[in-house]
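Remarks on the overall topology
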Amino acid sequence: MITEHLKEIFKNILHSKERIVVLTGSGISAESGIPTFRGKDGFWHVGSTEYLPQQIATHQMFTEMPDEVWKWYLYRRGGCRKARPNNGHLALTEIERLFPNRFTLITQNIDGLHLKAGTSRKNLYEVHGNVFLMRCDRECSQAVYPIPEVVSDKAKGEDLTDSDRQLLRCPKCGGPTRPHVLWFDETYNEEYYYYVSSLKMAAQAGLLLVVGTSGSTNLPILVAQKVHRREGIIVDINVQENPFSYLATKSGGDFIQETSSAALPAILKVISDAARDI
């Protein structure tokens, strides 16, 4: 529900020169049918052993069983490929169009749905990477490449082919590539995951919209804390209370306990109506 207090917040941002930062997590993608990372579809069987996402999504596991890790990500890529942006994704694209020069979207999702919805690459920070991309595991360069389309998405239990293995080689040095994702045994950096840039945008934010994330990794929490410390306003959209909802109410913002596909179009309408009145 968009209260009068929220309407005033969104109207005020139109007259501000400060940045609007949006932080999205798995909640927005779950509404497009993508299972959350730690759901039942995240588990992976190798023979009789079941691996948790926290085990399979590591560089250690990739070093020991590269085929299995690639199979898991190609399986996940298939689900992401079939998914379509929902009304929440589309509303964020329209909000960006209203503020093209002071809008930043920081997403923890690797599914590419914000790009499918039309969010511009220049305003999008995919801080956990993208399941459709790969890079050299030997780090011969910082280049990131699309996974070749001829490498098929995998069903559970389907093995890599010799052709897949050849195509999943670095175009520059011929060495092995890895999925372009942030693994559990790795840390954020600027080169691949926009660590410095995200905090820089947070330092300029007059409004932070947090959408569908519980803050289980440290960069999103740091972004929210930085906005709060500079007395920016935080609005949290989530179906459950979380650390961001506490910061939102403390910052003079609000907690909208709704799905993103319901709340974001309503926010877009308030901002669009106010923009027409200027």
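Residues numbered from 1 in each chain as written. Predicted model: local features only at pLDDT ≥ 70, side-chain atom pairs only at ≥ 80, totals over all residues. Heavy atoms only, no water.

Points about the side chain of D236
Considering the arrangement of structural elements, one finds D236 in strand β10 (residues 233-237). A polar contact of 3.3 Å, which involves the side chain of D236, links it to the backbone nitrogen of S245. When residues no more than four places from it in sequence are discounted, the contact partners of D236 are V210, N242, F244, S245, A248, D254, F255 and I256. (Helix = DSSP H or I, 4+ residues; strand = E, 2+ residues; numbered from the N terminus. Polar contact = N/O pair within 3.5 Å; in protein donor to acceptor, adjacent residues only side chain to side chain. Contact = heavy atoms within 4.5 Å.)

Some words on the sheet that holds strand β9 (residues 205-211)
Overall, parallel pairing links the six strands, which are arranged β5-β4-β1-β9-β10-β11 in an open sheet. Of all strands in the sheet, those bounded by a partner on one side alone are β5 (124-126) and β11 (254-256). With direction set aside, neighbouring strand axes in the sheet form an average angle of 15°. Pairing geometry for strand β1 (residues 19-24) and strand β4 (residues 103-107), over five bridges, is parallel. From the neighbouring strand, V21 faces β4, where its bridge partner is T104. In the packing of helix α6 (residues 87-98) onto the sheet, contacts are made with β1 and β4, and the angle to β4 comes to roughly 150°. (Pairing = 2+ DSSP bridges. Axes fitted to C-alpha atoms, helices over the stretch in contact; angles between N-to-C directions.)

Points about the pattern of salt bridges
One pass over the structure, following the stated rule, counts 15 salt bridges. The partner of D153 in a salt bridge is R81, and the shortest N-O contact between them spans 2.8 Å. Remark: R81 occurs in helix α5 (residues 66-82) and D153 occurs in the loop between β7 (144-146) and α8 (162-167); sequence separation between them is 72 residues. Exposure remark for D153: the relative accessible area of 25% places this residue in the partly exposed category. Through salt bridges with shared partners, one network takes in R77, R81, E149 and D153. (Salt bridge = Lys/Arg side-chain N within 4 Å of Asp/Glu carboxyl O. Buried < 20%, exposed > 50% of the residue type's maximum accessible area, 1.4 Å probe, protein only.)

A look at helix α1 (residues 4-15)
Between its first and last C-alpha, α1 extends 17 Å over 12 residues, near the 16 Å set by a 1.5 Å rise per residue. For α1, every residue scored as buried is listed here: L6, I9, F10, I13 and L14. Along the axis of α1, the buried residues cluster in a sector spanning 145°; they form a single face. Away from its buried face by more than 90 degrees, α1 exposes E4 and H15. Packed against the buried residues of α1 are β1, β9, β10, β11 and α13 (260-277). (Expected span 1.5 Å × (residues − 1). Arc of directions from axis to C-beta.)

Thoughts on the packing of α6 against α13
Closest axis-to-axis distance for the α6/α13 pair is 7 Å, and the angle between their directions is 25°. It follows that α6 is roughly parallel to α13 by the angle criterion. As for how α6 packs across α13, the hand of that crossing is left-handed. Of the residues in α13, those in contact with N87, G88, A91, L92, E94, I95 and L98 of α6 are S260, S261, L264, P265, I267, L268, I271 and S272. In terms of residue class, the contact of α6 with α13 is made up of nine nonpolar, five polar and one charged. (Parallel < 35°, antiparallel > 145°, perpendicular 65-115°, else oblique. Left-handed = near helix turned anticlockwise from the far one by under 90°. Nonpolar A, V, L, I, M, F, W, Y, C, P; charged D, E, K, R; others polar.)

Comments concerning the pairing of strand β8 (residues 177-181)
For β8, a buried count of five out of five residues is recorded, marking the element as mostly surrounded by other parts of the structure. With four bridges connecting them, strand β6 (residues 129-136) and β8 associate as antiparallel partners. From the neighbouring strand, R135 faces β8, where its bridge partner is R178.

Details of the state of the cysteines
Scanning the entire structure with this criterion turns up zero disulfides. Free cysteine: C136, not disulfide-bonded; nearest cysteine sulfur from C173 at 3.7 Å. The partly exposed category is assigned to C173, whose relative accessible area is 36%. (Disulfide = S-S within 2.5 Å.)

Here's the deal with the nonpolar core
Ranked by internal contacts, the top residues of the largest apolar core, which has 29 residues, are F10, V22, F99, I256, L264 and I267. Elements with a minimum of two residues in this core: α1, β1, α6, β4, β9, β10 and α13. Here the element with the most residues in this core is α13; it accounts for seven residues. Apart from residues lying up to four places away in sequence, I256 is in contact with M1, I2, L6, V235, D236, I237, N238, A263 and I267. Core analysis: the second largest hydrophobic core is formed by 28 residues, W70, W72, Y73 and L74 among them. (Core = buried A, V, L, I, M, F, W, Y, C linked by side-chain atoms within 4.5 Å.)

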